[in-house]
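# An overview of the molecular structure
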Amino acid sequence: VAAGMVWLYSHEPVKCLESLRPARDFINQNNSGLVRSIPKAYLTGLAHRMAGNVDAARSDWRAALQVIEQRLATQPNAGPLLLNKAVLLALLGEHAEVEPLLREIRQRATTGGGGNGQFGVARVLVLLGKQDEAMGALESLAGAGNVNSIVRSFLRYHPEWDSLRGNPRFEALLKVPVQKK
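Bear in mind that the values here come from a model prediction, so they are computed numbers and not experimental data.

### Observations regarding helix 2 (residues 13-20)
Listed as buried for helix 2 are Pro13, Cys16, Leu17 and Leu20. Angularly, the buried residues of helix 2 cover 95° about the axis, an arc narrow enough to put them on a single face.

As structure tokens, this is what we get:
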């Protein structure tokens, strides 16, 4: 799985897909809370999209969404699962379905979700094409000292943030020194 992430972050979709082929269908990992558990089909969908295989990407994201919805049936208030659902719906272009989830994610972020909840809000906003709002959320996190080197790496390399590359505010955020709490 780690190799798949490296290839994904390196924008090498074919190598990403090859390395993820033997991985389990549901990946459990912990990157300081950024990604707790994700369906493999989410990652393969990103790789397919990067390779220009839009239909394959959408098919994988629909499969990933089914896995998330099955887990939500038994854990309906699980923040990471709600965030994964919002991300997948945004990737599928189901923006009307994302809005209520985004409200819930925001509410949970302000009542104990902390920086990861706000980071999740920024992720969904950028996928919805709301770059200014996403930047505002990221800048707020940075101002509160919640953008550490792990978050910066995720922002710098993960393809979800490609639409912000070249944005002067985004590039400045990547250069901000890590603040200690």
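### Considering the confidence of the model for the protein
Taken as a whole, the protein shows an average pLDDT of 85; of its residues, 86% reach a score of 70 or greater. When mean pLDDT is compared element by element in the protein, helix 4 (residues 54-74) scores highest at 95, while strand 1 (residues 26-28) scores lowest at 54. A low-confidence stretch, residues 28-35 (pLDDT under 50), is modelled with 19 contacts involving residues beyond four sequence positions or located in other chains.

### Focus on the nonpolar core
Considering soluble globular proteins, one finds that nonpolar side chains tend to be buried as a cluster. Grouped together as the largest cluster of nonpolar side chains are 56 residues, with contacts concentrated most on Tyr42, Leu138, Leu155 and Trp161. By residue number, the principal contributor to this core is helix 6 (residues 95-127), which donates 11 residues. Those residues in contact with Trp161, other than ones at most four positions away along the chain, are Phe119, Ala122, Arg123, Val126, Leu138, Phe154, Leu155 and Phe170.

### Some thoughts on helix 4
With 21 residues, helix 4 should cover 30 Å at 1.5 Å per step; its first-to-last C-alpha distance of 31 Å lies within 8% of that length. Regarding helix 4, the residues found buried are Ala57, Asp60, Trp61, Ala64, Leu65, Ile68 and Leu72. The buried residues of helix 4 all sit within an arc of 145° when viewed along its axis, so they share a single face. Turned more than 90 degrees from where helix 4 packs its buried face, Asp55, Gln66, Gln70, Ala73 and Thr74 sit exposed.

### Details of the pattern of salt bridges
Under the counting rule described, the total for this entry stands at 8 salt bridges. Among the salt bridges present, the one from Lys85 reaches Glu69, with a minimum N-O distance of 3.7 Å. Highlighted residues: Lys85 in helix 5 (residues 79-91) and Glu69 in helix 4, separated in sequence by 16 residues. Salt-bridge contacts for Arg123 lead to Glu160; the nearest nitrogen and oxygen are separated by 2.7 Å. Pair noted here: Arg123 is in helix 6 and Glu160 is in the loop between helix 8 (149-157) and helix 9 (168-175), with a separation of 37 residues, a long-range link. Judged by its relative accessible area of 5%, Arg123 is buried.

### Focus: the side chain of Lys40
Within the secondary structure layout, Lys40 lies in helix 3 (residues 40-50). At a separation of 3.2 Å, a polar atom in the side chain of Lys40 contacts the main-chain carbonyl oxygen of Arg21.

### Some details on unusual backbone geometry
Phi at His11 is positive, roughly 60°, even though this residue is not glycine. Looking at where His11 falls in the secondary structure, it is placed in the loop between helix 1 (2-9) and helix 2.

Rules and cut-offs
- Residues numbered from 1 in each chain as written.
- Predicted model: local features only at pLDDT ≥ 70, side-chain atom pairs only at ≥ 80, totals over all residues.
- Heavy atoms only, no water.
- Buried < 20%, exposed > 50% of the residue type's maximum accessible area, 1.4 Å probe, protein only.
- Helix = DSSP H or I, 4+ residues; strand = E, 2+ residues; numbered from the N terminus.
- Arc of directions from axis to C-beta.
- pLDDT = per-residue confidence, 0-100.
- Contact = heavy atoms within 4.5 Å.
- Core = buried A, V, L, I, M, F, W, Y, C linked by side-chain atoms within 4.5 Å.
- Expected span 1.5 Å × (residues − 1).
- Salt bridge = Lys/Arg side-chain N within 4 Å of Asp/Glu carboxyl O.
- Polar contact = N/O pair within 3.5 Å; in protein donor to acceptor, adjacent residues only side chain to side chain.

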